[in-house]
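# Notes for the structure review
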Amino acid sequence: MSSSASTPATPVTVPSVRANKVRSGSAPLVMVTAYDAPGARIASEAGVDLILVGDSLAMVVLGYDDTLQVTIEDMAHHTAAVARAKPHALIVGDLPWLSYHLSAEDTVRNAALLIRAGAEAVKLEGGTKRIPMIEALVDAEIPVMGHIGLTPQSVHAMGGFKVQGRSSDAALQLVSDAKALEHAGCFSIVLEGVPSEVAAMVTDTVNVPTIGIGAGPDCDGQVLVYHDVLGIEDRMAPKFVRRYADVKSVSVAAIADYSREVRERTFPGPDESYHLSHEVAEALHLYGAGDK
Ligand code: KIV
């Protein structure tokens, strides 16, 4: 399904994503996060299949140390900004912590805020224990992407951002969670921070696509955070990140050049300034004798 930047856009839909298994001959899905309209336009022009308005917003845009600080209102605000760019990619809105933990009714109401902001599907974290919430969303015609493995909203329960599924019991639990998510109606499942072998087992087991991040090459797709791909975020470099650009260095150099030219009074120049007409300038006695 993935297209290059020069390929004409074909609409990406929930059914087309659901059918996208590599073992059936599909190309791996490409998902990237975006949080605003320029980011969504860049991702869309690059030809990604899915844009995730991730709750990583909290860390890469809003400066928090974990994802627990963003609210459904924050997520709706940024989902709307992404949607205004009208990307060809499918927009997935991330349900933040505590927006789907209290009741099925609360979950549907919160998900509806993301859908009304422009998301075409929502994502939530967790395995078997989330089944009632997933079923309620599917009942309300809201497509759901699952997310298991290293689930950042469980950072305190996990004792940090730690790779999951390393023991055989934990690996089998992930397989069983994935089957439960598929059975409940998830159209795809993010696998985060798990050994490649476990991701391959899960991917073999389920009939919906798995989308990996720190889960090795054998998933049906990959997702990375926008700021990591572009090298805007350079404070942390998790093992699974490959940086495709160094936008932070380019940006610092550009702003430094601008600062220098302002201080040297070489910016703005005549071509970057507006000017009065000759007649008005003359009427205002703005010309010296030498200017005429
Ligand atoms: O919020 C996010 O960016 C995510 C991805 C890492 C999958 O959930």
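Rules used throughout
Residues numbered from 1 in each chain as written. Predicted model: local features only at pLDDT ≥ 70, side-chain atom pairs only at ≥ 80, totals over all residues. Heavy atoms only, no water. Salt bridge = Lys/Arg side-chain N within 4 Å of Asp/Glu carboxyl O. Helix = DSSP H or I, 4+ residues; strand = E, 2+ residues; numbered from the N terminus. Buried < 20%, exposed > 50% of the residue type's maximum accessible area, 1.4 Å probe, protein only. Arc of directions from axis to C-beta. Contact = heavy atoms within 4.5 Å. Polar contact = N/O pair within 3.5 Å; in protein donor to acceptor, adjacent residues only side chain to side chain. Core = buried A, V, L, I, M, F, W, Y, C linked by side-chain atoms within 4.5 Å. Near = heavy atom within 4 Å. Domains from an automatic or database assignment. Phe/Tyr/Trp six-rings, centres within 6.5 Å; stacked < 30°, edge-to-face > 60°. Axes fitted to C-alpha atoms, helices over the stretch in contact; angles between N-to-C directions. Parallel < 35°, antiparallel > 145°, perpendicular 65-115°, else oblique. Left-handed = near helix turned anticlockwise from the far one by under 90°. Nonpolar A, V, L, I, M, F, W, Y, C, P; charged D, E, K, R; others polar. Pairing = 2+ DSSP bridges. Right-handed = clockwise from strand over helix to strand, strands pointing away.

On to the pattern of salt bridges. Any two side chains of opposite charge can pair, on the condition that their charged atoms come close. For the structure on display, the rule yields six salt bridges. For lysine 123, the salt bridge is made with aspartate 94, and the minimal N-O distance between the two is 2.9 Å. Remark: aspartate 94 occurs in strand E3 (residues 90–94) and lysine 123 occurs in strand E4 (residues 121–123); sequence separation between them is 29 residues. Aspartate 94 sits in the buried class, given a relative accessible area of 1%. Here aspartate 257 and arginine 260 are joined by a salt bridge, their closest N and O atoms 3.3 Å apart. In this pair, aspartate 257 and arginine 260 both sit in helix H11 (residues 247–264), three residues apart, roughly one turn of the helix. Given a relative accessible area of 37%, arginine 260 falls into the partly exposed group. Through salt bridges with shared partners, one network takes in Asp257, Arg260 and Glu264.

The next point concerns helix H2 (residues 37–45). All of the buried residues along H2 are Ala37, Gly39, Ala40, Ala43 and Ser44. Here the buried residues of H2 occupy an arc of 160 degrees about the axis, which is enough to place them on one side. Looking at the buried positions of H2, the neighbouring elements they touch are strand E1 (29–33), strand E2 (50–53), helix H4 (72–84) and helix H10 (226–229). Where H2 begins, one side-chain oxygen reaches toward the backbone nitrogen of glycine 39, 2.9 Å away; that side chain belongs to aspartate 36. Just beyond H2, the residue with positive phi is glycine 47, at close to 90 degrees.

This part takes up the nonpolar core. With 74 residues, the main nonpolar core has Leu50, Leu95 and Leu191 as its most contacted residues. Element by element, the count of residues in this core is highest for helix H8 (residues 168–184), at seven residues.

By nearness alone, every residue bordering the ligand is listed as Thr33, Leu52, Gly54, Asp55, Ser56, Asp94, Lys123, His147, Val190, Glu192, Ile213 and Val225. Here an oxygen atom of the ligand sits 2.5 Å away from a polar atom, N or O, in the side chain of serine 56. A distance of 3.2 Å separates an oxygen atom of the ligand from a polar side-chain atom of aspartate 94.

This part covers the domain arrangement of the protein chain. Interface size is commonly expressed as the accessible area that is lost once the parts come together. Along its sequence, the protein chain is carved into domain 1 (14–245) and domain 2 (250–290). The gap between the C-alpha centroids of domain 1 and domain 2 is 48 Å.

What follows covers the packing of aromatic side chains. A complete count under the given rule lists one aromatic pair for this structure. Residues tyrosine 258 and phenylalanine 267 carry aromatic rings whose centres are separated by 5.9 Å and whose planes lie at 75 degrees to one another, so their mutual orientation is edge-to-face. Under the relative-accessibility criterion, tyrosine 258 is labelled partly exposed at 46%.

Where helix H6 (residues 131–139) meets H8, the closest approach of the two axes is 9 Å, and the angle between their N-to-C directions is 25 degrees. Between H6 and H8, the angle is such that the two are roughly parallel. Considering the relative orientation of H6 and H8, their crossing is right-handed. Along its contact with H6, which presents Ile131, Ile134, Glu135 and Val138, the element H8 presents Ala180, Leu181 and Ala184. Classifying every residue of the contact of H6 with H8 gives six nonpolar, no polar and one charged.

Let us look at the packing of helix H5 (residues 104–117) against H6. Put simply, H5 and H6 touch, their axes get as near as 9 Å, and they point 50 degrees apart. Here H5 lies oblique to H6, going by the angle between them. Note on packing geometry: the crossing formed by H5 with H6 is right-handed. When H5 is examined against H6, the residues Ala104, Thr107, Val108 and Ala111 are found in contact with a partner set consisting of Pro132, Met133, Ala136 and Leu137. The residue makeup of the contact of H5 with H6, split by class, is seven nonpolar, one polar and no charged.

Here we take up the pairing of E2. By the alternation rule, side chains of E2 split into Leu50 and Leu52 and Ile51 and Val53, which are all buried. Examined bridge by bridge, E1 and E2 share three bridges and lie parallel to one another. Along E2, the bridge assignment pairs methionine 31 with leucine 50. Between the parallel elements E1 and E2, the chain passes through H2 in a crossover that is right-handed. Both E2 and E3 contribute to a ladder of four bridges, which runs parallel. Its bridge partner lying in E3, valine 53 is registered against glycine 93.

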